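Analysis of the macromolecular model
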Amino acid sequence: MSVGPFSIKVVGVVAAILLAWLVTRAVARRMGDDVSPKLAGAVLFDAVFWGLIAARLGYVAYWWEDYFATPMSIIAIGDGGFTWWVGVLFALAFIGWRARGMRMLRRAALAGVLTGVAAWFLAGMVVGLLHHSPPMPDLQLATLEEEPVSLLSYQGRPTVVNLWATWCPPCRREMPVFEQAQSEFPDVNIVMVNQGESAEQAQAFLTGQGLTLSNVLLDPFSRVMNATGARALPTTLFFDAEGELVDSHMGELTMASFKSNMARHFAQSVRPISNEE
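Residues numbered from 1 in each chain as written. Predicted model: local features only at pLDDT ≥ 70, side-chain atom pairs only at ≥ 80, totals over all residues. Heavy atoms only, no water.

Tallying secondary structure elements over the protein gives nine helices and nine strands in all. Expressed as a percentage of its 277 residues, the buried residues of the protein come to 43%. Across the protein, the fraction of contacts at a sequence separation of at least 24, relative to all contacts at a separation of at least 6, is 70%. For the protein, the accessible area works out to roughly 14800 Å², and carbon and sulfur atoms hold 63% of it. In the protein, the 19 positive side-chain charges and the 24 negative ones have mean positions that sit 20 Å from each other. (Helix = DSSP H or I, 4+ residues; strand = E, 2+ residues; numbered from the N terminus. Buried < 20%, exposed > 50% of the residue type's maximum accessible area, 1.4 Å probe, protein only. Contact = heavy atoms within 4.5 Å. Areas by Shrake-Rupley, 256 points an atom, 1.4 Å probe, with all protein chains shown as cover. Lys, Arg positive; Asp, Glu negative; His and termini not counted. Charge placed at Lys NZ, Arg CZ, Asp CG, Glu CD.)

What follows covers the packing of helix α2 (residues 37–62) against helix α4 (residues 84–98). Packing of α2 against α4 leaves a shortest axis separation of 7 Å and a crossing angle of 140°. It follows from the interaxial angle that α2 and α4 lie oblique. For the pair α2 and α4, the sense of crossing is right-handed. Between α2 and α4, the residues in contact are L39, V43, D46, A47, W50, G51, A54, A55 and G58 and V86, G87, F90, A91, F94, I95 and R98, respectively. A class-by-class count of the residues in the contact of α2 with α4 yields 11 nonpolar, three polar and two charged. (Axes fitted to C-alpha atoms, helices over the stretch in contact; angles between N-to-C directions. Parallel < 35°, antiparallel > 145°, perpendicular 65-115°, else oblique. Left-handed = near helix turned anticlockwise from the far one by under 90°. Nonpolar A, V, L, I, M, F, W, Y, C, P; charged D, E, K, R; others polar.)

Let us now look at the pairing of strand β9 (residues 245–250). Taken together, the five bridges between strand β8 (residues 235–239) and β9 define a ladder with antiparallel strand orientation. By the bridge assignment for β9, T236 is matched with H249. Counting the residues that bridge the hairpin from β8 to β9 gives five residues, and of these G243 lies at a positive phi of roughly 85°. (Pairing = 2+ DSSP bridges.)

A separate point is a negative patch on the surface. A cluster of like negative charges, contributed by E145, E146, E147 and E200, occupies part of the molecular surface. Locating E200 in the fold gives a position in helix α7 (residues 199–209). Using a relative accessible area of 53% as the deciding quantity, one classes E200 as exposed. (Patch = residues over 30% accessible without salt bridge, like charges linked within 9 Å, V, L, I, M, F, W, Y side chains within 5 Å. Salt bridge = Lys/Arg side-chain N within 4 Å of Asp/Glu carboxyl O.)

On to the packing of aromatic side chains. One pass over the structure, following the stated rule, counts 12 aromatic pairs. Seen in terms of ring centroids, F49 and W50 are 5.0 Å apart; in terms of plane orientation they differ by 80°. Their pairing is edge-to-face. Using a relative accessible area of 47% as the deciding quantity, one classes F49 as partly exposed. Overall, W50 belongs to the partly exposed group, its relative accessible area being 40%. A centroid spacing of 6.3 Å and a plane angle of 70° characterise the contact between Y59 and Y67, whose relative ring orientation is edge-to-face. When its relative accessible area of 1% is taken as the criterion, Y67 is described as buried. (Phe/Tyr/Trp six-rings, centres within 6.5 Å; stacked < 30°, edge-to-face > 60°.)

Shown next as structure tokens:
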């Protein structure tokens, strides 16, 4: 789900932050001259800023091996890699430090943070209840050798479908992630569905980049994008063994983000191969 070019998750976070700011200022105004609404709002935004940084660093620390392998991916925040509880705890700690000796200011900022967190959780629950995840589409695609293959033939095991094109810069950057993932997650079908291009274009790109990828399919009319409601490239779709969509990601994926999705959705059914094996 998305609102324009932004995912519903991003919109939800922004809305929660705005609500937290409004509540902080409202509580400060009710306290009269004891605290300035402007100061309280500024403290809230500072807490959110440092909380987001802490949430990102917490996520990077958990998946440090993958980020250490590709250090520039640390700043690729489009992968959605944030550990929310680390960010919330750090924001609360920051408010306690910033408003030390100013009880009313601390109360106003804490009220805003807690309201924002509660609203974010509630919005997530509502979206989860209202959102209908489409099943894996029953579409006939083709291999690079232009032999027909049904997308539904991959049912029976967890399946990751990546929608990409050779002209798409983030698609090109994330290709090594899927090459590595195909070797590390043999229990998962990782299917690379090219959108709108010919076999010659796709093969020339893979050869030129020195990529070794299996399950590369062609979708010359971008029917998978239309059937799944994908809004942009790249988009990565995570289907369970029954073909139900359990998650999706619009934008570039890092290896850490890919593994996080594997652990969250398929931990009981897949086993990654470590580098030592």
